[in-house]
Amino acid sequence: MTAGTMDEEKLFAARLHAVRSRPYLATALFALHTVESRQVSTMAVDRHWRCYVSPAFVDHTPLAELAGVWVHEVSHLLRDHHGRSDRFAAQHELTGPGERLRMNIAADCEINDDVFGDGLVRPEGAVRPVSLRLPEGQLMEDYLRQFRLGPYTAGYAWLDCGSGADGLERDWDLGSGGATGLSPRERDAVRFRVAQGINGSPGDIPKGWQRWAQEAFHPPQPWRELLGAAVRSAMSGAGEDYTYGRPSRRSAGVPGVVMPSLRRRPPRVCVIVDTSGSVSDAELGSALLEITAIVRAVGGRRDLVSVLSCDAAAHVTQELCHAEGIPLVGGGGTDLRAGFAKVRQGNPRADVIVALTDGHTPWPEARPPGRTVVGLFSRQRPVDGDNPHYRPEAPPAWARVVTVG
Amino acid sequence: MDVSSEAAHLRTLDIAADLLALLHDTTTEPRADTQLEALTLAVSADLPVLLWGEPGIGKTAALNQLAEALDLPLTTVIASVHEPSDFSGLPVVGDDPATQGVPMAPPEWAVRLARAGRGLLFLDELSTAPPAVQAALLRVVLERQVGALRLPPGIRIVAAANPRSSAADGWELSPPLANRFVHLQWTYDHDVVLRGLGGTWPKAELPRLDRERLPDAVGFARRAVCGLLAARPALVHQLPKNEARRGGPWPSPRSWEMALRLIAFATASDVSRDVLSMLVRGTVGDGPGLELLAGLDRMDLPDPETLLADPEGAVLPERGDLRQTVLDGVVAAVRQRPERARWDAAWSLLVRALETGAPDLVVVPAATLAALRRDDWPVPAAIERLSGAVSLSRRADQAAAGAGERR
């Protein structure tokens, strides 16, 4: 190879090494189109999956480190850092190269805590959360809220992973017009294939990548939205709807025609709250407030919402008119069956039952009379020393289950 | 009011009218707009479309343009202010119901549409309609039946809904109704809005269907969908378990048939895969849609047997990951029917790949191909030219060994 041109053999040998140590990223690594560029200082990607490479950087970087850089750059694209940066910037109205540098650093923090090791060498000077005095294992958006440019980041001012990492167009970018770029659909297809490969055989793939693969095309919904959707659709059969029970107001004008009329019959909602020791007050409070807000928004009146606190026995039924401060009584073991039994006895009957629990409870055998939504607090619980293999029973099929918190 | 002030008042209104006319005077320009193309294709394929979008981002404006481009009269019906009987028909009690029955009279807008014979029916604010209205709409959307009246085939149906987060008192779209629509996320494009406010809106153009390609398009679409579902039977029917996705697209035999139709239409016209991707994902959901598209990508790749038959004239895909798939396919084809001529042809293909693209892609296929050699086959001269790949592979091995020591 003549002087001045890129040592392609070394660059691609590094990619081969990267593929061999991370076979599940092979599709993505091979999909990258390399562009030799003297304007970049190291390696950089754009959002069209081109990888700009500095020949000098290839020359003076050990091959093993180069492989790590390959994986690092492709991670930016797989994790859609440019799209997330754009969304974050639009949401918070952030402008200017300083903010984009911050995004690049935060994105690097997200990648670098679990991408290296196990055959891949960490490149010298790679940003890690530790060097910014931040905890590991968080997302780019979380890191962005925790640091400003300052003494800790001064060493990274040269950092530049390209527009694929932070969304800001660079001088060297070939743009969307270039023939070698991937279209949005092709990018999705590559990301999908990688995610599918990881989901298919998660074996010894790092946790961070497994989480990415599960959420790549189905990002977790905020629980508030899910709970709202569940409660609303549970109520939709019970609330306002048409009935032929009384003639419509329109009937007067069209004799001979039978028309239904709109009648509102607000649903009665009963919330059963698990007050066993394992659920924190803060969690309960936020979930409860959320439910009352949803019920109010869909037209249920507050006097139709009642709350039942329940541990091993059902305690107080209280109508919600007395401010938000609902005294929750209980503690200790849980048996929500007591709560469901109490709802069954209630007069008038509840149309919708919402149960908030951590799931460590037996469930009633029979389906309760109303539609049921279960808000499940999902947290790691310390393993019971006496009974380490204890697993809580899954909520029954007749309930709509939403993971809360 | 005296005469002169009345005249002055009138003049002001005239001038106001002139100003309004000037403001209305906008033009259109052809512009690549994926979501508008997707909408137009689905409408011409006669599939009901549901536009999801925040209020005020121009769904209605897009519909007006679409109607204009298709030269169809537009009828807008706000679903949420109608009663179920407006869609299922009003029972009119006649003289002798026992013998004549009770006819279900259709509303005026339906009669007008049916008489025109063609038109665009726009059902706005679908998600805020009460469940009984949604249930009545099922028949309108699927069977084009409004009471006793059947809408003629020239009628196309488009609906719009606000996403839950912005609907003040939204009802959930029931899964059966959701399954009948092609769901399109309607978002605004900053540039389009700026150009539009400046007086120029993008122009909706009908996809041009190529008569010659119609039979091939149908064959292609059937192969694509059947190929996927034969291999993944679980994808045929999956009611979403997640609460928030129940009102969205999900796979069922009905929505697969819609996807098949969309692929045929996209193949017979010059619509891009990006547009098709939007439509298919909006019909059967993200996961199954992406799998279908991955299948389409594989169908586009050159057939290994064709490549082996003519290695000199072979055109390999530019993209590295696709090239890797093709080369793996070639080696697999040789493994299946090992003959010396095929083995030699595969080597020529690898050399070609090495000369026209990244060298690391060739390493694995070359090693696999070398292992397929029979004792009586001489080493082809072409292998000499693969020495670059060999030394590249050796360097990667050394790096791996180095990393192993450091671990």
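Residues numbered from 1 in each chain as written. Chains lettered and ligands numbered in written order. Predicted model: local features only at pLDDT ≥ 70, side-chain atom pairs only at ≥ 80, totals over all residues. Heavy atoms only, no water.

### Quick word on the overall build of chain A
Phase 1 of the analysis: Within chain A, the secondary structure is distributed over 13 helices and 11 strands.
Phase 2 of the analysis: Within chain A, contacts between residues separated by at least 24 positions form 66% of all contacts whose residues are at least 6 apart in sequence.
Phase 3 of the analysis: Within the structure as shown, chain A displays about 18,300 Å² of accessible surface, and the carbon and sulfur contribution to it stands at 51%. (Helix = DSSP H or I, 4+ residues; strand = E, 2+ residues; numbered from the N terminus. Contact = heavy atoms within 4.5 Å. Areas by Shrake-Rupley, 256 points an atom, 1.4 Å probe, with all protein chains shown as cover.)

### So, the pairing of strand 3 (residues 74–78) of chain B
All names here are of chain B.
Phase 1 of the analysis: Where burial is concerned, the two faces of strand 3 differ: the one with Thr75 and Val77 is buried and the one with Leu74, Thr76 and Ile78 is not.
Phase 2 of the analysis: With five bridges connecting them, strand 3 and strand 6 (residues 118–124) associate as parallel partners. Across the sheet, the residue bridging to Thr75 is Leu121, located in strand 6. (Buried < 20%, exposed > 50% of the residue type's maximum accessible area, 1.4 Å probe, protein only. Pairing = 2+ DSSP bridges.)

### Overview of the packing of helix 10 (residues 214–231) of chain B against helix 13 (residues 286–300) of chain B
Residue and element names in this part refer to chain B.
Phase 1 of the analysis: Put simply, helix 10 and helix 13 touch, their axes get as near as 10 Å, and they point 120° apart. By the angle between their directions, the pair helix 10 and helix 13 is classed as oblique. Crossing of helix 10 over helix 13 shows right-handed handedness. Residues Phe220, Arg223, Ala224, Val225 and Leu228 of helix 10 touch helix 13, and the partners they reach there are Pro288, Glu291, Leu292, Leu296, Met299 and Asp300.
Phase 2 of the analysis: Classifying every residue of the contact of helix 10 with helix 13 gives eight nonpolar, no polar and three charged. (Axes fitted to C-alpha atoms, helices over the stretch in contact; angles between N-to-C directions. Parallel < 35°, antiparallel > 145°, perpendicular 65-115°, else oblique. Left-handed = near helix turned anticlockwise from the far one by under 90°. Nonpolar A, V, L, I, M, F, W, Y, C, P; charged D, E, K, R; others polar.)

### Examining helix 16 (residues 340–356) of chain B
Phase 1 of the analysis: With 17 residues, helix 16 of chain B ought to run about 24 Å at 1.5 Å a step, and its terminal C-alpha atoms sit 25 Å apart, in line with that.
Phase 2 of the analysis: Among all positions in helix 16 of chain B, only Arg342(B), Trp343(B), Ala345(B), Ala346(B), Trp347(B), Leu349(B), Leu350(B), Val351(B), Ala353(B) and Leu354(B) are buried. (Expected span 1.5 Å × (residues − 1).)

### What to know about the confidence of the model for chain B
Phase 1 of the analysis: Of the residues in chain B, 94% have a pLDDT of 70 or more, and the chain-wide mean is 85.
Phase 2 of the analysis: For chain B, helix 18 (residues 387–406) of chain B is the element with the lowest average pLDDT, namely 75, and helix 11 (residues 253–268) of chain B is the one with the highest, namely 94. (pLDDT = per-residue confidence, 0-100.)

### Re unusual backbone geometry
Phase 1 of the analysis: Phi is positive for Asp80(A), close to 55°, though the residue is something other than glycine.
Phase 2 of the analysis: Along the chain, Asp80(A) falls in the loop between helix 4 (63–78) and helix 5 (81–92).
Phase 3 of the analysis: By relative accessible area, Asp80(A) is classed as buried at 18%.
Phase 4 of the analysis: Although it is not a glycine, Arg144(B) sits at a positive phi angle of roughly 60°.
Phase 5 of the analysis: Relative to the helices and strands, Arg144(B) is located in the loop between helix 7 (131–143) and strand 7 (145–146).
Phase 6 of the analysis: Of the residues examined, Arg144(B) reaches a relative accessible area of 13% and is grouped as buried.

### Section: the nonpolar core
Soluble globular proteins tend to bury their nonpolar side chains together.
Phase 1 of the analysis: Formed by 86 residues in total, the largest nonpolar core has its most connected members in Met43(A), Trp49(A), Trp70(A), Leu78(A), Trp212(A) and Leu369(B).
Phase 2 of the analysis: Counting residues per element, this core draws most heavily on helix 4 of chain A, at 10 residues.
Phase 3 of the analysis: Filtering out sequence-adjacent residues up to four positions away, Trp49(A) remains in contact with Ala28(A), Ala31(A), Leu32(A), His33(A), Val74(A), Leu77(A), Leu78(A), Leu182(A), Arg187(A), Val190(A) and Arg191(A).
Phase 4 of the analysis: Counting residues in each nonpolar core, the second largest holds 47 residues, with Val49(B), Ala160(B), Ala266(B) and Val280(B) among its members. (Core = buried A, V, L, I, M, F, W, Y, C linked by side-chain atoms within 4.5 Å.)

### Some remarks on the packing of aromatic side chains
Any aromatic ring pair is given by two values, namely how distant the centres are and how the planes are angled relative to each other.
Residue and element names in this part refer to chain A.
Phase 1 of the analysis: Counted by the stated rule, this structure contains seven aromatic pairs over all chains.
Phase 2 of the analysis: Connected via pairs of aromatic rings, a cluster forms that spans Tyr24, Trp209 and Trp212.
Phase 3 of the analysis: A cation sits over an aromatic face here: Arg79 above Trp209, 4.5 Å from the ring centre.
Phase 4 of the analysis: Cation over ring: Arg102 sits above Phe147, and NZ or CZ is 5.7 Å from the ring centre. (Phe/Tyr/Trp six-rings, centres within 6.5 Å; stacked < 30°, edge-to-face > 60°. Lys NZ or Arg CZ within 6 Å of the ring centre and 35° of its normal.)

### Some thoughts on a nonpolar patch on the surface
All names here are of chain B.
Phase 1 of the analysis: On the surface, a cluster of nonpolar side chains totalling about 450 Å² of accessible area is made up of Leu19, Leu20, Leu22 and Leu23.
Phase 2 of the analysis: One can find Leu22 in helix 1 (residues 3–24).
Phase 3 of the analysis: The class of Leu22 is exposed, set by a relative accessible area of 60%. (Patch = residues over 30% accessible without salt bridge, like charges linked within 9 Å, V, L, I, M, F, W, Y side chains within 5 Å. Salt bridge = Lys/Arg side-chain N within 4 Å of Asp/Glu carboxyl O.)

### A short note on empty space enclosed by the protein
Phase 1 of the analysis: Taken as a whole and judged by the stated rule, the model has four cavities of 30 Å³ or more.
Phase 2 of the analysis: Computed from the structure, the largest cavity encloses a volume of approximately 90 Å³.
Phase 3 of the analysis: Taken together, Ala189(A), Val190(A), Arg193(A), Ala294(B), Asp297(B), Arg298(B), Leu301(B), Arg319(B), Asp321(B), Leu322(B) and Thr325(B) make up the lining of the largest cavity.
Phase 4 of the analysis: Split by residue class, the lining of the largest cavity holds five nonpolar, one polar and five charged. (1 Å grid on protein atoms, 1.4 Å probe; cavity = no way out; pocket = protein on both sides within 12 Å on 5 of 7 lines; lining within 4 Å. Points joined across faces, edges and corners; volume = space filled by probe spheres on them.)

### Points about the pattern of salt bridges
Phase 1 of the analysis: Overall, the coordinates contain 36 salt bridges over all chains when judged by the stated rule.
Phase 2 of the analysis: Here Arg185(A) makes a salt bridge to Asp297(B), at a shortest N to O gap of 3.3 Å. In this pair, Arg185(A) sits in helix 9 (residues 184–200) while Asp297(B) sits in helix 13, so the two residues belong to two different chains.
Phase 3 of the analysis: A relative accessible area of 7% places Arg185(A) in the buried class.
Phase 4 of the analysis: Between Asp321(B) and Arg319(B) there is a salt bridge, and its shortest N-O distance comes to 2.9 Å.
Phase 5 of the analysis: On the accessibility criterion, Asp321(B) (3% relative accessible area) is buried.
Phase 6 of the analysis: Here Arg319(B) falls in the buried class, since its relative accessible area comes to 14%.
Phase 7 of the analysis: Salt bridges sharing partners connect three or more residues here, namely Arg79(A), Arg84(A), Glu110(A) and Glu141(A).

### Some remarks on the environment of Gly101(B)
Phase 1 of the analysis: With respect to the helices and strands, the residue Gly101(B) is situated in the loop between helix 5 (97–100) and strand 5 (104–105).
Phase 2 of the analysis: Along the chain, Gly101(B) and Gln35(B) lie 66 residues apart, while their C-alpha atoms are 46 Å from each other.

### Regarding helix 7 of chain B
Residues and elements named next belong to chain B.
Phase 1 of the analysis: In this model helix 7 runs 19 Å from its N-terminal to its C-terminal C-alpha over 13 residues, within 8% of the 18 Å that 1.5 Å per residue would give.
Phase 2 of the analysis: Of all the bends in helix 7, the largest measures some 25° and sits at Leu137.
Phase 3 of the analysis: Buried within helix 7 we find Val133, Gln134, Ala136, Leu137, Val140 and Val141.
Phase 4 of the analysis: Phi for Arg144, located one or two positions after helix 7, is positive at around 60°. (Bend = angle between axes of the 7 residues up to and from the residue.)

### Quick look at the sheet that holds strand 1 (residues 33–36) of chain A
Residue and element names in this part refer to chain A.
Phase 1 of the analysis: Taken together, the three strands give an open sheet; going across it, the order is 1-3-2, and neighbouring strands pair in mixed fashion. Every interior strand has two partners, whereas the edge strands, strand 1 and strand 2 (43–45), have only one. Neighbour to neighbour, the strand axes of the sheet diverge by 25° on average, direction disregarded.
Phase 2 of the analysis: Judged from the four bridges that link them, strand 1 and strand 3 (residues 50–53) form a sheet pairing that is parallel. Residue Thr34 lies in a different strand from strand 3, and its bridge partner there is Cys51.
Phase 3 of the analysis: Packing against the sheet, helix 4 makes contact with strand 1, strand 2 and strand 3, and its axis sits at approximately 20° to strand 2.

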